[in-house]
Amino acid sequence: MISNYDRIFREIQIEARRASLDLGIDPQVLERLTMEIVELEDRHRISHIHGIKKQMRALIENTAVGQGREESERD
């Protein structure tokens, strides 16, 4: 029997691979970002996190900046 976590993570991996083709981003980067957002949302659900939208925006922006750096280093 597969755990709920394993099933959800597998779905995230599948969608990350699919999205990576359209976005031109490493699927592992998308997986990591998604898992960080899920973790943040889970912590917010348990105990209110002040400025959660700002923290999520920062996660996304940091990932985008990191991807931009990696692309420029490859060129």
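Keep in mind that what you see is a predicted model, and the values were worked out from it rather than measured.

### So, the confidence of the model for the chain
Right, so step 1: On average, the chain scores 88 in pLDDT, and the residues at 70 or more come to 92%.
Right, so step 2: Here helix α3 (residues 52-74) stands out as the least confident element of the chain, with mean pLDDT 84; helix α2 (residues 27-46) is the most confident, with 92.

### Some points on helix α1 (residues 4-23)
Residues separated by three or four positions in an α-helix point in the same direction, a consequence of the helix having 3.6 residues per turn.
Right, so step 1: Over its 20 residues, α1 extends 28 Å from the first C-alpha to the last, a length consistent with the 28 Å expected when each residue adds 1.5 Å.
Right, so step 2: Taken together, the buried positions of α1 are occupied by I12, Q13, A16 and S20. Looking straight down α1, one finds that the buried residues subtend no more than 105° of arc, so they occupy a single side. Exposed side chains of α1 directed beyond 90 degrees from the buried face belong to L21 and D22.
Right, so step 3: Elements that come into contact with the buried residues of α1 comprise α2.
Right, so step 4: Phi turns positive one or two residues past the end of α1, at G24, with a value near 70°.

Reading guide: rules and limits
- Throughout, residues of each chain are indexed from 1 in the direction in which the sequence is written.
- Per-residue local features are limited, in this predicted model, to residues with pLDDT of at least 70; the limit for side-chain atom pairs, both in listing and counting, is 80 or more; totals at the level of whole chains, interfaces and linings are taken over all residues.
- With hydrogens and water excluded, all non-hydrogen atoms of the structure serve as input to the side-chain values.
- Known as pLDDT, the predictor's confidence for each residue is given on a scale from 0 to 100.
- Helix and strand labels come from DSSP, where a helix needs a run of H or I of at least four residues and a strand needs a run of E of at least two; each type is numbered from the N terminus.
- Here the expected span of a helix is defined as 1.5 Å times the quantity of residues minus one.
- When accessible area is computed with a 1.4 Å probe and restricted to protein chains, residues below 20% of their type maximum are described as buried, those above 50% as exposed, and intermediate ones as partly exposed.
- The arc refers to the directions leading from the helix axis to the C-beta atoms.
- By the convention used here, residues are in contact when the closest approach between their heavy atoms is within 4.5 Å.

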